[in-house]
Amino acid sequence: MYHRPLVTLLSLLVVTVAMPRAAEATPSEYKVQYSIHETRNDPESAVIYRVSLELEYATTVNKQNSWNVTTILVSHVDSQGTVDEQWRLTNPSVSTGDGKWWTAHDDTDNPVIGEFVSPPPMTGTADREIGSGADMNYDLSTGTASGSPPYAATAYLNLRLQRVNEPEPDLDDDEMPMETTDIPPA
């Protein structure tokens, strides 16, 4: 009894109304990088380590997005600014009730880097992928802000980096200001 063009038009309208517009959707991935400068409060000093977190969007509840941390990447940077050692762990353990990183956003569809300065506690061992030698134990948590922030987006983090089976850590800083940037999608 129905005319085929009318049914097709109604079906098209239902599909069009039900599909969210891509411009309004929360990004499915986000990358955050914390740079540790040789002189912690000096943006002009050399970067000696970078800790990058690759995030995958999970859900939104009450102006908060939850993110799965899919990768942690720890990079040592030499005096020429080149990564000479690097360690990676996929699906690292995130010490929250549900294993996700919850962040409050002014606009959940458009997160900005300043909303990623307080990562949840994470502890684990990343596998070496560049250079030679031991894997890297890491312990990362949010510290307490002190003084004026030296970077446009500053995270105050507690970070301990120690090679497996080494008696002394490579880095052991509490409430260290870190330059926080996002990494554009490739």
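In this report, we go over the structure that sits alongside the text. Note that the structure is predicted; figures quoted are calculated from it, not measured. (Residues numbered from 1 in each chain as written. Predicted model: local features only at pLDDT ≥ 70, side-chain atom pairs only at ≥ 80, totals over all residues. Heavy atoms only, no water.)

### Considering the overall build of the protein chain
A tally of regular secondary structure across the protein chain gives 1 helix and 9 strands. A separation of at least 24 residues holds for 52% of the contacts in the protein chain among residues at least 6 apart in sequence. By element, 52% of the accessible surface of the protein chain is carried by carbon and sulfur atoms, the whole surface being about 10600 Å². (Helix = DSSP H or I, 4+ residues; strand = E, 2+ residues; numbered from the N terminus. Contact = heavy atoms within 4.5 Å. Areas by Shrake-Rupley, 256 points an atom, 1.4 Å probe, with all protein chains shown as cover.)

### Examining the environment of P169
Within the secondary structure layout, P169 lies in the loop between β8 (154-163) and β9 (171-182). A relative accessible area of 24% means that P169 is categorised as partly exposed. Sequence separation between P169 and Y138 is 31 residues, and the spatial gap between their C-alpha atoms is 9.6 Å. (Buried < 20%, exposed > 50% of the residue type's maximum accessible area, 1.4 Å probe, protein only.)

### Digging into the nonpolar core
With 33 residues, the main nonpolar core has I36, Y49, L55 and L159 as its most contacted residues. Elements represented by at least two residues in this core include exactly β1 (29-37), β2 (47-61), β3 (64-77), β4 (83-90), β6 (122-130), β7 (136-142), β8 and β9. For L55, the contacting residues outside a window of four places in its chain are S28, E29, Y30, V32, W67, N68, V69, T70, W101 and F116. (Core = buried A, V, L, I, M, F, W, Y, C linked by side-chain atoms within 4.5 Å.)

### Quick look at the pattern of salt bridges
Under the definition given, this model contains 7 salt bridges. Of the charged contacts, one joins E85 and R163 as a salt bridge, the two residues approaching to 2.7 Å between their closest N and O atoms. Of this pair, E85 sits in strand β4 while R163 sits in strand β8, placing them 78 residues apart in sequence. Grouping residues by exposure puts E85 and R163 together as buried. Salt bridges here are not isolated pairs; linked through shared partners, they connect E85, R128, R163 and D170. (Salt bridge = Lys/Arg side-chain N within 4 Å of Asp/Glu carboxyl O.)

### Structural notes on the pairing of β9
Relative to β9, β1 runs antiparallel, the two sharing 4 bridges. Residue pairing across strands places Q33 opposite T181, the latter belonging to β9. Strand direction decides the pairing type here: β8 and β9, joined by 7 bridges, are antiparallel. Bridge pairing links Y156 to P177 in β9. (Pairing = 2+ DSSP bridges.)

### Points about the environment of G147
Within the secondary structure, G147 is located in the loop between β7 and β8. For the pair G147 and P177, spaced 30 residues apart in sequence, the C-alpha to C-alpha distance is 9.6 Å.

### Some thoughts on the side chain of R163
R163 sits in the buried class, given a relative accessible area of 18%. Within the local environment of R163, its side chain forms a polar contact with the side chain of E85, the two groups lying 2.7 Å apart. Aside from chain neighbours lying at most four places away, what touches R163 is Y49, E85, W87, R128, A134, D135, M136 and D170. (Polar contact = N/O pair within 3.5 Å; in protein donor to acceptor, adjacent residues only side chain to side chain.)

### Some words on the side chain of S35
Within the secondary structure, S35 is located in strand β1. Judged by relative accessible area, S35 falls into the buried class, the value being 4%. In this structure, S35 is in contact with V47, Y49, R50, M178 and E179, ignoring residues within four places of it in sequence.

### Quick look at unusual backbone geometry
In this structure, K63 takes a positive phi of about 65° despite not being glycine. You can see K63 is positioned in the loop between β2 and β3. Judged by relative accessible area, K63 falls into the partly exposed class, the value being 48%. At N165, a position not held by glycine, the phi torsion is positive, near 70°. If you trace the backbone, N165 turns up in the loop between β8 and β9.

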